[in-house]
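Architecture and fold: a report
Chain by chain, the residues run as shown.
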Amino acid sequence: MADQDPSQENQQPSAMSDADKIRAKRLAKLGGPSVTPQDTSAPATVPGHSPSPAVEAKPSPPAASAPAPAQNPLSSSSNPFSQLLSTENRSAPRITIKPKQPEPARSSSNARGEDMGVWTNRTLGGIFRATLDPNNTRDAHGHRLYFVSGVKGDLEEENKPLHLTTDILDQAILESASNQTESKPLEYLLSCWKRASRLFRGMHNKNDPKYEVAREARRICFNYCIFAATMPDMFGAMDTLTPTFPLAEHLLADPESDRGLCHDFINEAVSRFNDEENGAEVKQLLVETTEEISRRLAKLSMNDEYKPYILAMRNFVRYPALLAAISQSPSFLPPDVQTHRIESRTLLGPFFRLSPMQGEVALNYFSNHATRDKGYIANSQNALRMTLQTHQDELFDIANCFIKSSKESRERILDWFALSVNANHKRRALQVDAKTVSSDGFMVNVTVILDRLCEPFMDATFSKIDRIDIDYLRRSPRVNIADETKINADQQTSDDFYAVAAGGVNNFITEVFFLTVAAHHYGTEAVNTKVSQLQKDVKWLEKQLAKMETERHKYISNPAQLAVFDAHLKRMKDQIERGHCTFHATQGVLLDDTTQARSMQFMRYIIVWLLRLVSPTSNFPQKPLSLPLPKDQSIAFKCLPEYFLEDIVDNFKFITRYMPHIITSTQCEELVMICITFLRSTEYIKNPYLKSGLVTILFHGVWPFDRRSKGILGDVLFAHPFATKHLLHALMKFYIECESTGASSQFYDKFNIRYEIFQVVKCIWPNTIYRDNLATEARVNLDFFVQFVNLLLNDVTYVLDESFTAFAQIHDVSKILKNAPENMDQNERQAQEEKLSSAQSRAKSYMQLTNETVAMLKLFTEALSETFTKPEIVVRLAHMLDYNLDALVGPKQAQLRIENPEEFGWNPRQMLAEITDVFLNLKDQESFVNAVATDGRSYKPENFDAAYRILESKTLKSDVQLKQWKELGEKVKVAKLAADEEEADLGDIPAEFEDPLMATLMENPVLLPESRQIVDLSTIRSHLLSDPHDPFNRMPLTIEQVTPDTELQAKIQAWKAERLAQKVAERNAAKAGEPMDTS
């Protein structure tokens, strides 16, 4: 209300006195004194207001001081000159007409003063939808006008013109906003602000008096907007429904609507941050509004209307000063926030929390999964990915603003990323409690945004890779690696290394690189692991549900128990439904080509960085790597967290299996290089599962897909110079090493690893270079090759035996169940069925490995038949072949006949063909023929004949091969006769000449150092190939430690020669008919 005379003060209503006090409070906040009663004759000037020509102290034209006629109400936008009609109580002064005025009735100065006053009244009335005319209730556009009776009364009492001016605008706004019935004061004032801003933007001449009026109206309107948001009681009693942070409602509204916060408003607010009077208050208001937006968003999901929240944040972070203030908010990095509350209690958390992987969102996309076909699921996943990509683009926009705005805001958001990563170490635990860690969707979004922040420095030439500083981890890093397993160092070594701080300053590239590596470990790679387990869990639940449903009939007679049972079934079905939906949603997110291609590009950078670290002199990739790696490992590499390699392994295992099409040719080469490098120099990695993961990548890489028969990596493995030089040795080395992984499941792990190795070898074997490499290994590195072959024989022996045993059990149990009596006990039948199921499961798993192992044996014996005749190999190989030939064609072959053999990968004819191929590959080796003949357990001449008949009748071999088979059988018969004759000639072997392990005559006796036992060299060499311990006392033993017993060897040779000579003489004498002197 306008200030008034002291003599009139007591005559005003008490309500107006309250308004006066509130106005004084507002003026005080603006920094100026309240107007005293003595000032009523002059315009009420507020500090910061510039007096305009419309509010000069001279009297206004008489027509303006009179109310408009009731019978002709006018809006603020109507012709101002119509107010000159039917006026009363005109002021005494008359208008002076200047000569230059074109209209003879008025002077130019009078016209300018009249026009300005009327324009100001009309303009301010239009902006604030206020009027001094009680009969003028609508403007020209039909908008309702509020009659400010208090302002009119004051003007009349002070004998002032009935015009709205900037001098009385404070009171007019206060009265109008306090009496709004259709909207709240803040909503009303924001709409006024929009109109004032539109008017101001259209004015460009700063010397025009109208410009000053528009500027002042805009400034005052903004002040009142702030008061309405911070002191709503200024406009009357508080509405109980008024939100605590009313500005948040308008920030979420469309910025172009009257209710929304437009760019002009935010810009004006930010421009006042440094004002001494109310800058801090405006800043606090916007920061608190941002915090409120974040709190509200934390309660929403992608099923809700979340877009306005994202848009609001994106608008706010466009203003550097506001962004800086937001980054310093207490809720940006609250102290001691619990891990699972990071995504709801930190300011940015709710924005990163939004994801289709949220349970209720996944249900929305994939409800009723059982009735949906694959096409529907694929379409839903595509829609899901598009939604998430858009959201992640917006998240990146927000994060990038923090990064680029200032050093302080960049440090704060890096701290927030570090908090999100470091607090979630438990996500990689064996058993994860989802209630104690951040959600999958949150962590995936964090990882994706960090990936995108790395893009600027990940160029194709690796020009900035040297900027990644390995000393970062010894320079107070943001990433916490204290409890992480290291690549090749124990905890003490690691602690000692990191205890010595490194000098220098961390750069941004290094910071974001190490943060992103950690984020992959706890984010996307953790989700990869989880989704596989989730699928297994859902399948298990479905099996349990199927079992339970068969028992429902037991509760039919008891309604109470039936209700409990049905309720439990429903809970289980709901759990299965949620599991399927979450699986499909997570799978949809992970199978995003764009995201995975970006992730893979980052992994490529890690690969090159690691290879440069372990081979510092190679300058890779500009120059090729040299293998093997140096024996002296870099301590910095050894103390790196294991997840640097684990991220690569997990990421590419997933991509080569499910998305091989996104891998480029250059990435294929680098991927092959890191796999071969660390398989060739396995001593650089402590964890055997990481090394086995490298094999798995190669294995998945040679799977045929689309039109590529060798898979995505096959061509590189087949012909790349680095691969042809190092791959075969690397695979053979790890084939040997995986014999012992140190885990409780190592016995079964090795078969999986070796199966994958076989697949890679089959892919590359047509290239003759690899066959030459195998021959070189056998010639140059004999012990290494013999150890490899020995383990291969062990595997063939074991898996064939297990497979045949399982088939025999399937044959017997199936026969029992098929011919079971009608009165067979149910429990017995169930036991037999479980036994059958177990045997079938074993047969499937072992037969797959059996086929591959025998195929490998065939390939190697074909290429290097001579190498397989070493004394420590040939006997075991021959006896194994004899045993399996007997199983396939001997009397027990009927036990291998089962129903649906193809279901188990079992083809007995094909297996016979493979076994006989190995025989034929070694047919020219005398030692092999002798070894077959001396197998007293399994060799039977009739087995060769039976095999010949089957091979011939089933056309499994060509005529040439059949002829060779028959000739081999005859050779073995002859060798058998000779061996039997020699054994008979030697008779009983003296105990001191007999091998204690094999009970055979020793040829090369050696002394074991610890147990002091004497065994044959071939025996102990064969034993040490599988077990590096003394067989008598289990002490560690190597072949180099044994000592030849030359004296005993000479005695054995002399005894043997004497015995054989004696028998020869006896036979010659017998032929001559002369009895030999045996005295």
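Position labels on residues start from 1 in each chain and follow its written sequence. Owing to the predicted nature of the model, reporting of local features is limited to residues with pLDDT of at least 70; listing and counting of side-chain atom pairs is limited to 80 or more, with chain, interface and lining totals taken over all residues. To obtain the side-chain values, all non-hydrogen atoms of the structure were included, while hydrogens and water were left out.

By nonpolar core is meant a set of buried Ala, Val, Leu, Ile, Met, Phe, Trp, Tyr and Cys residues that side-chain atoms within 4.5 Å join together. Type-normalised accessible area, obtained with a 1.4 Å probe on protein chains alone, sets the label of each residue: buried when under 20%, exposed when over 50%, and partly exposed for intermediate values. Among the nonpolar cores identified, the biggest contains 294 residues, and Phe417 and Phe678 are the most heavily contacted of them. Helical segments are the DSSP runs of H or I of at least four residues, strand segments are the runs of E of at least two, and each set is numbered from the N terminus. Top contributing element to this core by residue count: helix 32 (residues 782–818), with 17 residues. Here, two residues are considered to be in contact whenever any of their heavy atoms come within 4.5 Å of each other. Discounting residues that sit within four places of it in the chain, Phe417 has contacts with Phe352, Ala399, Val446, Ile449, Leu450, Leu453 and Leu515.

Below, the discussion takes up the side chain of Asn223. Mapped onto the secondary structure, Asn223 falls in helix 7 (residues 209–230). Looking at Asn223, its side chain comes within polar contact range of the side chain of Arg272, at 2.3 Å. Two N or O atoms form a polar contact when they lie within 3.5 Å of each other; inside protein one atom must be a possible hydrogen donor and the other a possible acceptor, and for residues adjacent in sequence the pair counts only when both atoms belong to side chains.

On to the packing of helix 30 (residues 746–764) against helix 32. Working convention: axes come from line fits to C-alpha atoms, limited for helices to the stretch in contact. Angles between N-to-C directions cover 0 to 180 degrees. One way to put it is that helix 30 packs onto helix 32 with a least axis distance of 12 Å and a crossing angle of 110°. With respect to their mutual orientation, helix 30 and helix 32 come out roughly perpendicular. Of the residues in helix 32, those touching helix 30 at Phe747, Lys750, Phe751, Arg754 and Phe758 are Leu791, Leu792, Asp795, Tyr798 and Val799. Residues are grouped as follows: Ala, Val, Leu, Ile, Met, Phe, Trp, Tyr, Cys and Pro are nonpolar; Asp, Glu, Lys and Arg are charged; all remaining types, including Gly, are polar. Split into classes, the residues belonging to the contact of helix 30 with helix 32 amount to 7 nonpolar, no polar and 3 charged. Angles below 35 degrees are treated as roughly parallel, those above 145 as roughly antiparallel, those between 65 and 115 as roughly perpendicular, and all remaining angles as oblique.

We now examine the packing of aromatic side chains. For Phe, Tyr and Trp, rings pair up if their centres lie within 6.5 Å, where Trp contributes its six-membered ring, and each pair is then called stacked (planes under 30 degrees apart), edge-to-face (over 60) or tilted (otherwise). Under the counting rule described, the total for this entry stands at 47 aromatic pairs. Pairing Tyr939 with Phe944 gives two aromatic rings, centres 6.0 Å apart and planes at 65°, and the pair type is edge-to-face. Each member of the pair, Tyr939 as well as Phe944, is classed as buried. A centroid spacing of 4.8 Å and a plane angle of 20° characterise the contact between Phe944 and Trp965, whose relative ring orientation is stacked. Of this pair, Phe944 sits in helix 37 (residues 941–953) while Trp965 sits in helix 38 (residues 959–986), placing them 21 residues apart in sequence.

What follows deals with the confidence of the model for the protein. Per residue, pLDDT captures the predictor's confidence, and it can take any value from 0 to 100. Across the protein, the average pLDDT comes to 84, with 88% of residues at or above 70. Within the model, the stretch residues 29–114 combines pLDDT values under 50 with 135 contacts to residues more than four positions away or in other chains.

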